[in-house]
Amino acid sequence: MSAPEPLPVARRTLLGAAWAAPVVVAAAAAPSAAASPASPTLSVRLSGPSPVAGVTSWLIWVTNDSAAPIAAGTLMASLPDPGTGYFYSGYSGDVRWGYGDDPSGLTVVFVYNDVIAPGEEAGTLLLLIGKTTPGSTPDPVAILTLTAPGFAPVALPLTVAY
């Protein structure tokens with residue numbers, strides 16, 4: 001019996017092999033990317049919803065769960081306004097919270113104007129949000145988004161019950 005003759009390699013096989021090479025490289029690189037450290041987190045404590053003068057109030061506290069301080073003026077909370085079924089009515093709480101800037105005019109932005117040390121909690125943010133149509137169901141939900149440089153954003157669903 002004679003040795004088997006090699007089969008000719010088709011052009012498609014060569015092109016398929018060339019296209020497969022980058023996939024192997026990407027797959028090999030994926031584990032190192034997956035092993036990179038996760039962003040530090042902001043933990044949140046909420047109290048509410050509570051009725052206040054015909055609107056819904058929420059008390060919000062944010063804790064720095066990282067090993068580094070959060071610089072003054074970099075912790076932000078944003079709320080779309082107007083939202084579907086709700087409107088922003090006002091805020092209060094700790095005097096270190098103030099209004100931030102949103103050039104679009106479609107979001108109310110709050111900025112915390114003090115350093116938040118590792119493991120420490122920012123002062124209270126009191127939000128007042130009203131229902132566009134009182135008594136309507138289901139209750140609308142406002143999404144408050146908290147951000148700080150280097151931290152994963154946190155989206156808080158706030159039910160507007162009143």
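Computed from a prediction, not measured in an experiment: that's the story for all the values here. Residue numbers run consecutively from 1 along every chain, following the written order of its sequence. In keeping with the predicted nature of the model, local features appear solely for residues at pLDDT of at least 70, side-chain atom pairs appear and are counted solely at 80 or more, and the whole-chain, interface and lining totals rest on all residues. Note that water and hydrogens are dropped before the side-chain values are worked out from all heavy atoms of the structure.

The next subject is the sheet that holds strand β5 (residues 97–99). When DSSP finds two or more bridges between two strands, those strands count as paired. Here a helix means four or more residues in a row that DSSP labels H or I, a strand means two or more in a row labelled E, and each is numbered from the N terminus. Spatial ordering of the open sheet is given by β5-β6-β3-β8-β9, a layout of 5 strands whose pairing is antiparallel. One side of each edge strand has no neighbouring strand; the edge strands of this open sheet are β5 and β9 (154–159). Within the sheet, the average angular offset between the axes of one strand and its neighbour, ignoring direction, is 25°. Sheet topology places strand β3 (residues 75–80) next to strand β6 (residues 107–112); 6 bridges connect them, and they run antiparallel. Within the sheet, the bridge partner assigned to Pro80 lies in β6 and is Thr107. Each axis is a line fitted through C-alpha atoms, taken for helices only over the stretch in contact, and angles between the N-to-C directions span 0 to 180 degrees.

We now examine the confidence of the model for the protein. Summary statistics for the protein give a mean pLDDT of 82 and a share of 77% for residues scoring 70 or more. With pLDDT under 50 throughout, residues 3–33 is counted as low confidence; its partners more than four residues away or in other chains account for 1 contact. A score between 0 and 100, pLDDT records how confident the predictor is in each residue. When checking whether two residues touch, look at their non-hydrogen atoms; a contact exists if any pair is within 4.5 Å.

In this section: the sheet that holds strand β4 (residues 86–93). With antiparallel pairing, 4 strands are arranged side by side in an open sheet as β1-β2-β7-β4. If you trace the sheet from one side to the other, it starts and ends with β1 (42–52) and β4, each paired once. With direction set aside, neighbouring strand axes in the sheet form an average angle of 25°. As judged from the 7 bridges shared by β4 and strand β7 (residues 125–131), these two strands associate in the antiparallel manner. When the bridges of β7 are listed, Tyr86 appears paired with Lys131.

Bringing the pattern of salt bridges into the picture now. The salt bridge definition used is simple: a Lys or Arg side-chain nitrogen within 4 Å of an Asp or Glu carboxyl oxygen. Considering all chains together, one arrives at 4 salt bridges under this definition. Residues Arg96 and Asp94 are paired through a salt bridge, measuring 2.7 Å at the closest nitrogen-oxygen approach. Through salt bridges with shared partners, a single network forms among Asp94, Arg96 and Asp114.

This next bit is on the packing of aromatic side chains. Pairing of aromatic side chains requires ring centres within 6.5 Å, counting the rings of Phe and Tyr and the six-membered ring of Trp. Pairs whose planes differ by under 30 degrees are stacked, by over 60 edge-to-face, and all others tilted. Summed over all chains, the structure comprises 6 aromatic pairs. An aromatic cluster is defined as three or more aromatic residues linked by ring pairs; in this entry it consists of Tyr88, Tyr91, Tyr99 and Phe110. When the NZ atom of lysine or the CZ atom of arginine is within 6 Å of a ring's centre and also within 35 degrees of its normal, the charge is said to sit over that ring. Its guanidinium or amino end placed over the ring of Trp61, Arg45 lies 4.1 Å from that ring's centre, counting from NZ or CZ.

The next thing to look at is the nonpolar core. Core analysis: the largest hydrophobic core is formed by 28 residues, its most contacted members being Leu42, Ile60, Leu75, Leu127, Leu144, Leu146 and Leu158. At the level of secondary structure, the elements contributing two or more residues to this core comprise β2 (55–64), β3, β4, β6, β7, β8 (141–147) and β9. Residues contacting Leu42, with those up to four places away along its chain left out, are Val62, Thr63, Asp65, Ile70, Leu75, Leu146, Thr147, Ala148, Phe151 and Val154. We define the nonpolar core as a collection of buried residues of types Ala, Val, Leu, Ile, Met, Phe, Trp, Tyr and Cys that are connected through side-chain atoms lying within 4.5 Å of one another. Exposed residues in this analysis have more than 50% of their type's maximum accessible area, buried residues have under 20%, and partly exposed residues fall in between, with area computed by a 1.4 Å probe over protein chains only.

Of the strand pairs in this sheet, β1 and β2 are connected by 9 bridges, and their pairing is antiparallel. The residue of β2 that forms the bridge with Ser50 is Ser57.

A cis amide bond links Asp81 with the next residue in sequence, Pro82, at an omega value of 0°. Position of Pro82 relative to the elements: it lies in the loop between β3 and β4. Even without a glycine there, the phi angle at Ala53 is positive, about 50°. In this structure, Ala53 sits in the loop between β1 and β2. Residue classification places Ala53 among the exposed residues on the basis of a relative accessible area of 82%.

Another aspect to go through is the pairing of β9. Side chains Val154, Leu156 and Leu158 project from β9 onto a buried face, and the interleaved Ala155, Pro157 and Thr159 project onto a face without burial. Relative to β9, β8 runs antiparallel, the two being bridged by 6 bridges. Residue Leu144 lies in a different strand from β9, and its bridge partner there is Leu156. Taking the residues between adjacent antiparallel strands as the criterion, β8 and β9 are bridged by 6 residues, where Gly150 takes a positive phi near 85°.

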